[in-house]
Amino acid sequence: MEKILIDGGKPLVGEIETSGMKNAALPIIFGCVLVKGRCVIENLPEIDDVEVSFQILEDMGATIERIDRTTYAIDCTKVRGGSSSVQLVRKLRASYYLLGAEIGRYGKAYVGSPGGCDFGCRPIDQHIKGFEALGCTVRMDGNYVEAVAHKGLQGTNIFFDLVSVGATLNVMLAAVCAPGVTVIENAAREPHIVDLANFLNTCGGHISGAGTDTIKIKGVTELHGCTYAIIPDMIEAGTYMIAAAATGGHLKVTNVIPKHLESITSKLCEMGVTVTEGDDFVEVAMEGKKLTRTNVKTLPYPGFPTDMQPQMAVLMCLAEGISNMHESVFDNRFRYTEELARMGALIKVSGKMARIEGVKSLRPARVRAVDLRAGAAMVIAGLATEGTTEIDNIQLIERGYDDLVGKLTKCGADIRKEQVG
Ligand code: EPZ
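About the thresholds
- Residues numbered from 1 in each chain as written.
- Predicted model: local features only at pLDDT ≥ 70, side-chain atom pairs only at ≥ 80, totals over all residues.
- Heavy atoms only, no water.
- Salt bridge = Lys/Arg side-chain N within 4 Å of Asp/Glu carboxyl O.
- Helix = DSSP H or I, 4+ residues; strand = E, 2+ residues; numbered from the N terminus.
- Buried < 20%, exposed > 50% of the residue type's maximum accessible area, 1.4 Å probe, protein only.
- 1 Å grid on protein atoms, 1.4 Å probe; cavity = no way out; pocket = protein on both sides within 12 Å on 5 of 7 lines; lining within 4 Å.
- Points joined across faces, edges and corners; volume = space filled by probe spheres on them.
- Nonpolar A, V, L, I, M, F, W, Y, C, P; charged D, E, K, R; others polar.
- Axes fitted to C-alpha atoms, helices over the stretch in contact; angles between N-to-C directions.
- Parallel < 35°, antiparallel > 145°, perpendicular 65-115°, else oblique.
- Left-handed = near helix turned anticlockwise from the far one by under 90°.
- Contact = heavy atoms within 4.5 Å.
- Pairing = 2+ DSSP bridges.
- Near = heavy atom within 4 Å.
- Polar contact = N/O pair within 3.5 Å; in protein donor to acceptor, adjacent residues only side chain to side chain.
- Sits in = over half its atoms within 2 Å of the grid points.

> Can you walk me through the pattern of salt bridges in this structure?
Close approach of charged atoms allows side chains of opposite charge to pair. Taken as a whole and assessed by the stated rule, the structure comprises 19 salt bridges. The salt bridge partner of Lys 129 is Asp 161, with a shortest N-O separation of 2.6 Å. Residue Lys 129 is found in helix 5 (residues 125-133), and its partner Asp 161 is found in the loop between strand 9 (157-159) and helix 6 (165-175); the two are separated by 32 residues along the sequence. The class of Lys 129 is partly exposed, set by a relative accessible area of 30%. A relative accessible area of 55% places Asp 161 in the exposed class. Residue Asp 392 pairs with Arg 366 through a salt bridge whose shortest N-O separation is 2.9 Å. In this pair, Asp 392 sits in strand 22 (residues 387-392) while Arg 366 sits in strand 21 (residues 366-368), placing the two residues 26 residues apart along the sequence. The buried category is assigned to Asp 392, whose relative accessible area is 17%. Overall, Arg 366 belongs to the partly exposed group, its relative accessible area being 49%.

> Explain the layout of surface pockets here, please?
With a probe scaled to a water molecule rolled over the atoms, the places where space remains empty come into view. Counted as a void, the largest pocket has a volume near 1,100 Å³. Taken together, 48 residues form the lining of the largest pocket, with Arg 122, Val 165, Gly 166, Val 329 and Phe 330 sitting closest to its centre. Sorting the residues of the lining of the largest pocket by element identifies helix 1 (22-31), helix 5, helix 6, helix 8 (234-246) and helix 12 (372-383) as the ones contributing at least two each. By residue class, the composition of the lining of the largest pocket is 26 nonpolar, 10 polar and 12 charged.

> Mind showing me how you'd approach the packing of helix 10 (residues 309-317) against helix 12 here?
The relative placement of two packed helices comes down to the angle between their axes together with the axis-to-axis distance. The N-to-C vectors of helix 10 and helix 12 enclose an angle of 25°; their axes lie 7 Å apart at closest approach. Classified by the angle their axes make, helix 10 and helix 12 are roughly parallel. Crossing angle aside, the handedness with which helix 10 passes helix 12 is right-handed. Contacts from Pro 310, Gln 311 and Val 314 in helix 10 reach Arg 373, Ala 374, Ala 377, Ile 380 and Ala 381 in helix 12. Per-class residue counts for the contact of helix 10 with helix 12 are six nonpolar, one polar and one charged.

> For this particular structure, what's the right way to read the environment of Val 194?
Along the chain, Val 194 turns up in helix 7 (residues 191-202). Its relative accessible area of 26% is what places Val 194 among the partly exposed residues. Put simply, Val 194 and Glu 338 are 144 residues apart on the chain and 36 Å apart in space, counted from C-alpha to C-alpha. Residue contacts for Val 194: discarding those within four places in its chain leaves Ala 210 and Gly 211.

> How should the pairing of strand 14 (residues 250-254) be read in this particular structure?
The two faces of a sheet get side chains in turn, since along a regular strand they alternate between them. Of the pairings in the sheet, the one linking strand 2 (residues 13-17) to strand 14 comprises five bridges and is parallel in character. Bridge pairing in strand 14 links Glu 17 to Thr 254. Both strand 14 and strand 16 (residues 281-285) contribute to a ladder of five bridges, which runs antiparallel. Bridge assignment links Thr 254 to a residue of strand 16, and that residue is Phe 281.

> It is not clear to me how the site of the ligand should be interpreted in this structure. Could you clarify?
What surrounds the ligand is a group of 24 residues, the closest being Asp 125, Gln 126, Ser 164, Asp 307 and Val 329. Contacts to the ligand include Tyr 96, whose side-chain N or O atom sits 2.8 Å from an oxygen atom. Interatomic distance of 2.8 Å between a backbone N/O atom of Val 165 and an oxygen atom of the ligand. Applying the majority rule of atoms within 2 Å of the grid points places the ligand in the largest pocket. Put simply, the parts of the chain that give the shell around the ligand at least two residues each are helix 1, helix 5, helix 6 and helix 12.

> Looking at this model, I keep getting lost on the sheet that holds strand 18 (residues 322-326). Mind explaining?
Strand order in the open sheet formed by four strands is 17-18-20-19, with mixed pairing between adjacent strands. Since the sheet does not close on itself, it has two edges, and those belong to strand 17 (295-297) and strand 19 (346-350), each with one partner. Pairs of neighbouring strands in the sheet enclose a mean axial angle of 15°, with direction left out of account. Summarising the sheet, strand 17 and strand 18 pair through three bridges and their orientation is parallel. Bridging from a neighbouring strand, Asn 295 pairs with Asn 324 of strand 18. Running at roughly 170° to strand 18, helix 10 makes contact with strand 17, strand 18, strand 19 and strand 20 (353-357) of the sheet.

> Got a minute to help me understand the packing of helix 8 against helix 12 in this structure?
Look at helix 8 against helix 12: their axes get within 9 Å of each other, and the N-to-C directions meet at 20°. In terms of axis orientation, helix 8 runs roughly parallel to helix 12. Note on packing geometry: the crossing formed by helix 8 with helix 12 is right-handed. Residue-level contacts link Ile 235, Thr 239, Ile 242, Ala 243 and Ala 246 of helix 8 to Arg 373, Ala 376, Ile 380 and Leu 383 of helix 12. The residue makeup of the contact of helix 8 with helix 12, split by class, is seven nonpolar, one polar and one charged.

Quick look at the structure:
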């Protein structure tokens with residue numbers, strides 16, 4: 001086990017390069033199960049969830065070749081359906097994309113129940129609704145999900161009861177080779193939905209409308225290998241933007257698509273932060289200004305991302321006045337506020353709302369990462385606070401941030417990892 005130690009109170013100054021997007025890489029990696037051939041995937045982030053995904057696929061018979069730090073060749077020609085390891089699958093939520101990929105390739109799937117961050121209840125009823133609409137009979141208990149299309153898959157119309165990133169991605173995977181046409185309505189519009197559609201189309205798929213709330217999929221008989229580069233991680237970029245603002249620094253975040261960051265940029269400007277946009281970078285500076293309060297409601301894309309909620313809450317703690325955070329996507333994504341309270345944050349949570357009273361400064365403390373993005377928020381809090389902050393349980397942060405300590409160190413942060421015990 002390791003912990004992170006931060007000697008905070010120093011402004012972040014310099015340049016940070018964003019890695020490939022975790023939540024785009026994972027469905028694309030599992031999407032390779034649909035392809036009988038070699039897929040070269042570029043701009044992959046070097047994070048634990050990608051490593052575990054590789055282990056799952058190799059366990060199932062895939063061959064995975066490292067070409068360089070961010071490029072891997074994945075060949076699933078010999079993958080055996082229904083053979084994924086229950087223990088490995090439980091390590092991450094994205095393993096449930098194996099369901100859609102196995103259904104898409106074999107007309108059936110058998111996958112252990114997924115893991116992932118604990119934000120309260122995270123059902124998969126919309127995923128199952130889509131699989132059943134395509135002709136599958138789905139059985140599940142607490143340990144596994146089984147889907148079988150006894151009469152084969154058939155394109156169909158699916159109207160999701162709510163906007164779900166995972167269900168949209170999973171049904172795209174299941175439908176891309178289903179005979180006929182599938183139309184997904186009330187689809188999620190996140191950039192990583194577009195990325196998966198672009199990957200599948202590069203393999204020979206016929207998907208249109210990704211990025212809108214209506215996605216049309218014309219089934220193809222098979223998919224071929226390809227070379228594809230993952231989009232940059234908008235949540236990683238947003239995390240560093242907020243870290244720069246919280247430390248009163250001046251940071252250029254490169255390898256970004258500014259359009260993906262619009263809701264974050266807009267909120268930061270509202271709070272008095274100067275954000276300059278280039279073609280593939282954003283520059284964040286405080287220029288001696290004071291942070292002012294704001295209100296945020298998390299929403300599906302293009303709204304303010306729920307994966308930026310904890311990080312934004314830290315910035316609100318340092319802004320003058322009372323800010324309000326409304327978490328409208330997940331049931332219980334405020335567990336981290338107890339950790340922030342140890343640092344002197346004044347946050348009152350009631351249901352899906354958090355009332356945050358700005359303080360002059362936080363105080364160093366020993367805290368822990370309660371989930372991936374909450375862990376990143378604790379890092380931001382430590383960077384903004386004079387004295388030494390310790391963060392335990394950092395393996396949760398390493399699931400989704402590529403070389404966080406190295407990237408921050410290069411921008412003047414006094415941050416290091418240490419073995420615990
Ligand atoms: C994905 O989770 C991401 N995870 C999450 O990122 C992200 O917070 C979330 O999308 C929203 O953007 C991965 O991509 C691996 P949803 P997912 O289905 O697919 C409810 C991170 O930090 N729902 O859009 O699980 C659900 O409970 C992680 O990188 C149903 O009710 O999110 C939630 O309240 C954390 N039934 C809401 O919809 C369903 O069948 C949105 O969930 C599916 C979802």
